[in-house]
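# Chain and residue survey
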Amino acid sequence: MILRGEIRPDAPLAVLAVEEEAAHLGDGLPVLLTGMGKVNAATALAQVLASGPKPSLVLNLGTAGALRPGWAGIHEIGTVLQHDLDTDLLRTLTGQTYGAPLTLGARTAVLATGDAFIADEDARARLARRADLVDMEGYAVAWAASRAGVPCRLVKRVSDEAGEGADRAWRDAVDDSARDLADWVRAEFG
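I will try to describe carefully the structure that is included in this document. (Residues numbered from 1 in each chain as written. Predicted model: local features only at pLDDT ≥ 70, side-chain atom pairs only at ≥ 80, totals over all residues. Heavy atoms only, no water.)

### Things to note about the layout of surface pockets
For the largest pocket, the calculated volume is near 210 Å³. As for the largest pocket, its lining consists of 17 residues, of which Thr63, Phe117, Asp135, Met136 and Trp170 are closest to the centre. At the level of elements, strand 4 (57-66), strand 8 (133-135) and strand 9 (152-160) are the ones that each hand at least two residues to the lining of the largest pocket. Per element, the largest residue contribution to the lining of the largest pocket is three residues, and it comes from strand 4. For the lining of the largest pocket, the class distribution of residues is 10 nonpolar, three polar and four charged. (1 Å grid on protein atoms, 1.4 Å probe; cavity = no way out; pocket = protein on both sides within 12 Å on 5 of 7 lines; lining within 4 Å. Points joined across faces, edges and corners; volume = space filled by probe spheres on them. Helix = DSSP H or I, 4+ residues; strand = E, 2+ residues; numbered from the N terminus. Nonpolar A, V, L, I, M, F, W, Y, C, P; charged D, E, K, R; others polar.)

### Focus on the pairing of strand 5 (residues 74-82)
For strand 5, a buried count of seven out of nine residues is recorded, marking the element as mostly surrounded by other parts of the structure. Sheet analysis places strand 5 next to strand 9, joined by three bridges and oriented antiparallel. Residue pairing for strand 9: Glu76 is matched across the bridge by Val155. With five bridges joining them, strand 5 and strand 7 (residues 109-113) adopt parallel strand pairing. Directly across from Gln82, in strand 7, lies its bridge partner Thr113. Sheet topology places strand 5 next to strand 6 (residues 102-103); two bridges connect them, and they run antiparallel. Paired with Val80 across the two strands is Leu102, which belongs to strand 6. (Buried < 20%, exposed > 50% of the residue type's maximum accessible area, 1.4 Å probe, protein only. Pairing = 2+ DSSP bridges.)

### Describing helix 6 (residues 166-189)
Residue Ala173 marks the point of greatest curvature in helix 6, where the axis turns by about 45 degrees. Looking only at helix 6, the buried set comprises Ala166, Trp170, Ala173, Val174, Ser177, Ala178, Leu181, Ala182, Trp184 and Val185. Those residues of helix 6 that are buried are in contact with helix 1 (19-22), strand 4, strand 5 and strand 9. With its phi angle positive at about 85 degrees, Gly190 sits one or two positions after the end of helix 6. (Bend = angle between axes of the 7 residues up to and from the residue. Contact = heavy atoms within 4.5 Å.)

### Digging into the packing of helix 2 (residues 38-51) against helix 5 (residues 138-148)
One way to put it is that helix 2 packs onto helix 5 with a least axis distance of 8 Å and a crossing angle of 25 degrees. Taken as axis vectors, helix 2 and helix 5 run roughly parallel relative to one another. In this structure, helix 2 meets helix 5 at a crossing whose hand is right-handed. Contacts from Lys38, Ala41, Ala42, Leu45, Ala46 and Leu49 in helix 2 reach Ala140, Val141, Ala144, Ala145 and Ala148 in helix 5. Residues that form the contact of helix 2 with helix 5 fall into these classes: 10 nonpolar, no polar and one charged. (Axes fitted to C-alpha atoms, helices over the stretch in contact; angles between N-to-C directions. Parallel < 35°, antiparallel > 145°, perpendicular 65-115°, else oblique. Left-handed = near helix turned anticlockwise from the far one by under 90°.)

What follows is the structure, encoded as structure tokens:
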């Protein structure tokens, strides 16, 4: 976990997984780099939110794989779910719901979050039945922000098609993705 800048109650906190995604953000907002995956994201954000002033907004920026043809560019997420937690089975076993989808606003894009980097056609097809995009941190960030009572927005830039060769495509696209996300932040927050 790396925190750049000072968290203020009058400004958003940008939360990203890795430096490559934050490379062009500059110093206009405080930036939290959590590391990849749900555990790193939830732990880092929960620690920061519990230890000091809370930001006005948690702004999760990052790359995502497209699960459907034609998805490109930047998308703000309306619903985020965990694709690697069997919520239905857990409800059957315990009678309780764990890890239910989170609604973040009126946007229509659905993001599936899980600890697996999706880079094969079968996994992509399976996830496309439930979501438009896939990442590794969004749900955890939204959950931690919600638990702390801080509003949250998830903004993802498509970096790959979550199929064969997604790992190479991500490496090739991450810098352009970081530039586009930085441009989006400047347009949205000045």
